[in-house]
Amino acid sequence: MFLAELVEALGADAVSTGEAIAPRHRTDWSGVSPALPLALLRPRNTGQVSAALRLCTKHGVPVVPQGGLTGLAGGAVPRPDAVALSLDRMNAIESIDVAASTMTVQAGATLQAVHEAAAAKGLLFGVDLGARGSCQIGGNLATNAGGNGVLQFGMMREQTLGLEAVLADGRVLPMMRPMQKNNTGYDLKQLFIGAEGTLGVITRAVLRLHPLPRTRATMLVALPTFDAALELLGRLHARFSGSVSAFELMWRDFVAASLKWQSLREPFDDVHPFIVLTEISGSNEAALAAALEEELGSAMEAGLVLDAAIAQSQAQARSFWKIREATAELPTNMHPPLNFDVSLPMADIGRFAAACRAALDARWPGNISVFFGHIGDSNLHLSTDMSTVDGSEHDVEAIVYGEVEKFSGSVSAEHGIGLHKKPWLGVSRTPDELEAMRSIKLALDPLGLMNPGKVFD
Ligand code: FAD
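Residues numbered from 1 in each chain as written. Predicted model: local features only at pLDDT ≥ 70, side-chain atom pairs only at ≥ 80, totals over all residues. Heavy atoms only, no water.

Draft legend 1. Examining the overall build of the protein chain more closely. Helices and strands together make up the secondary structure of the protein chain, namely 15 helices and 17 strands. Computed over the C-alpha atoms, the radius of gyration of the protein chain is 23 Å, within 12% of the 23 Å expected from 2.2 N^0.38 for a compact globule of 457 residues. C-alpha atoms of the protein chain, sized along the principal axes, occupy 75 × 55 × 40 Å. Total accessible area computed for the protein chain in this model is approximately 19,400 Å², and 53% of it derives from carbon and sulfur atoms. Side chains of the protein chain carry 37 positive and 49 negative charges; the gap between the two charge centres is 6 Å. (Helix = DSSP H or I, 4+ residues; strand = E, 2+ residues; numbered from the N terminus. Rg over C-alpha atoms; globule rule 2.2 N^0.38 Å. Areas by Shrake-Rupley, 256 points an atom, 1.4 Å probe, with all protein chains shown as cover. Lys, Arg positive; Asp, Glu negative; His and termini not counted. Charge placed at Lys NZ, Arg CZ, Asp CG, Glu CD.)

Here it is in structure tokens:
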């Protein structure tokens, strides 16, 4: 009955079941708990999403929204009693307003398509990340994705002027007014950003765009201490206000692993405790290079910088990024990696990393753990090779999240809670905060049909 009504509302080609559902819809990038959903729905427009959700409410069937399935927390993993609702057919770039620097898109547009459409008009979208070819704007919004560019432009939340969302009972909230200034009560769209599909389905968005930079300088800078890195960041912000687009700090353990895994040469003559990859955008190449050399020279005199190299070509800039992008090598070289995505008050990141390292070494001498982070965004990643640890994932998590709690940090900086981090949500949220979240969930989704079991039970 339920399936027949779905077919009648959406058309037979938008509803598949059993083996007709492609394997990719059974889990996300994390590969956690694969399951065959009751049905896979592939609506073509907001009206069809609304019709599908109305029927799910009528029959009490849960809904798991699916974007590009690149999530790392298990948020889009389906379950046998739920329909998976994929936005992949709703992928239109509807319009670009060059004068206002805005773009209106459907939620299933890939991040890459958004970048390409913006660049074709001389504009830039402020969020970029490694999964750009597959992840969708709806998924980026539902996870409030960060990635490269947060330092300059902020996360998805800051890139969003308007949003259209469909509630579990099928009602459409058309919050698409493209104005920055709109103080008319609660900013409802923000509730759906970062909610991981637990409050409704995001169907369209109005995104903010920025001018494409004319030039960009990429540097590797060797530093003696974490605090020197923070001081350098402060100096760069002061000198190149609003133009520091990357500040990726790599601890020695990460650099050593990256060079080994990718058979790369040491970037400097000496081995240094920290290397930061930083990028500054500007409008005049020669003026930017001169200002950078002056700033780095002054930082060197102050003892903040041990060595530095400014990329002289695109190829050299790419070779600098290759050291940082060893994250793609983690699954091949750690067996398996246990990855953390935490955030901490910026000034505490160095002490947190040292405390974590000491606690892991005390429990498992010789364990391989590597540290790196978008430290300008207060975001630290660490990965532990589980084959070097005589314990469970839970044991390692207890140590790392124990330190996160001591430093008043967050167990998820950008990947979300999904299924993976549910047991640890209480580390970063008080009981009252969790109760307030549950009240919002109950108000918008009283039957608990939207992505049940994700974020919190
Ligand atoms: P999915 O994985 O399909 O879904 C993610 C969550 O969003 C699920 O809870 C799902 O139910 C919900 N959802 C999806 N679409 C909708 C919708 N339309 N309405 C409501 N809910 C929806 N993340 C970062 O933040 N920064 C990074 O730098 C980063 N780098 C990555 C690099 C790689 C190689 C990979 C594989 C992942 C990376 N990620 C990163 C994680 C991931 O790409 C992001 O979380 C991304 O935003 C997920 O988008 P998606 O479309 O794949 O969503």
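Draft legend 2. Spotlight on the sheet that holds strand β3 (residues 63–66). Reading across from one edge, β1-β2-β4-β3 is the order of the 4 strands in this open sheet, with mixed pairing throughout. Either end of the sheet is taken by a strand with one partner, and the two such strands are β1 (15–16) and β3. Of the pairings in the sheet, the one linking β1 to strand β2 (residues 39–41) comprises 2 bridges and is antiparallel in character. Note on β2: the bridge partner recorded for Val15 is Leu41. Docked against the sheet, helix α2 (residues 46–59) engages β2, β3 and β4 (83–86), running at close to 170° with respect to β4. (Pairing = 2+ DSSP bridges. Contact = heavy atoms within 4.5 Å. Axes fitted to C-alpha atoms, helices over the stretch in contact; angles between N-to-C directions.)

Draft legend 3. Representation of the pairing of strand β13 (residues 274–282) in the model. The element β13 is extensively covered by neighbouring structure, given that 8 of its 9 residues are classed as buried. Across 9 bridges, the pairing between strand β11 (residues 215–223) and β13 is antiparallel. The partner of Thr218 across the bridge, within β13, is Glu279. Sheet topology note: the strand β12 (residues 244–251)/β13 ladder contains 7 bridges and is antiparallel. (Buried < 20%, exposed > 50% of the residue type's maximum accessible area, 1.4 Å probe, protein only.)

Draft legend 4. Examining the pattern of salt bridges more closely. Under the defined criterion, the tally for this structure stands at 23 salt bridges. Across the pair Asp187 and Lys189 runs a salt bridge, and its minimum N-O distance is 3.0 Å. On the accessibility criterion, Lys189 (11% relative accessible area) is buried. The partner of Arg239 in a salt bridge is Glu294, and the shortest N-O contact between them spans 3.1 Å. On the criterion of sequence distance, the pair formed by Arg239 in helix α7 (residues 226–239) and Glu294 in helix α9 (residues 285–301) is long-range, its members being 55 residues apart. The class of Arg239 is partly exposed, set by a relative accessible area of 35%. Through salt bridges that share partners, Asp13, Arg44 and Arg89 make up one connected network. (Salt bridge = Lys/Arg side-chain N within 4 Å of Asp/Glu carboxyl O.)

Draft legend 5. Spatial organisation of the sheet that holds strand β15 (residues 337–343). In spatial order, the strands read β14-β11-β13-β12-β16-β17-β15; together these 7 strands make up an open sheet with antiparallel pairing. Looking along the sheet, the strands with just one partner apiece sit at the ends: β14 (307–310) and β15. Ignoring strand direction, the axes of neighbouring strands in this sheet form an average angle of 15°. The pairing of strand β16 (residues 369–374) with strand β17 (residues 379–385) spans 6 bridges and is antiparallel.

Draft legend 6. How the structure looks around a nonpolar patch on the surface. Together, Tyr186, Leu188, Leu191 and Ile440 make up a nonpolar patch on the protein surface, roughly 400 Å² of accessible area in all. Summarising the element assignment, Leu188 is placed in the loop between β9 (172–175) and α6 (189–192). (Patch = residues over 30% accessible without salt bridge, like charges linked within 9 Å, V, L, I, M, F, W, Y side chains within 5 Å.)

Draft legend 7. Summary view of unusual backbone geometry. Between His335 and Pro336 the backbone carries a cis peptide bond, its omega angle lying at -10°. Position of Pro336 among the secondary structure elements: in the loop between α11 (330–333) and β15. Despite not being glycine, Ser263 has its phi angle at roughly 50°, a positive value. With respect to the helices, strands and loops of the structure, Ser263 is situated in the loop between α8 (252–262) and β13. Take Ser263: its relative accessible area is 68%, and that puts it in the exposed class.

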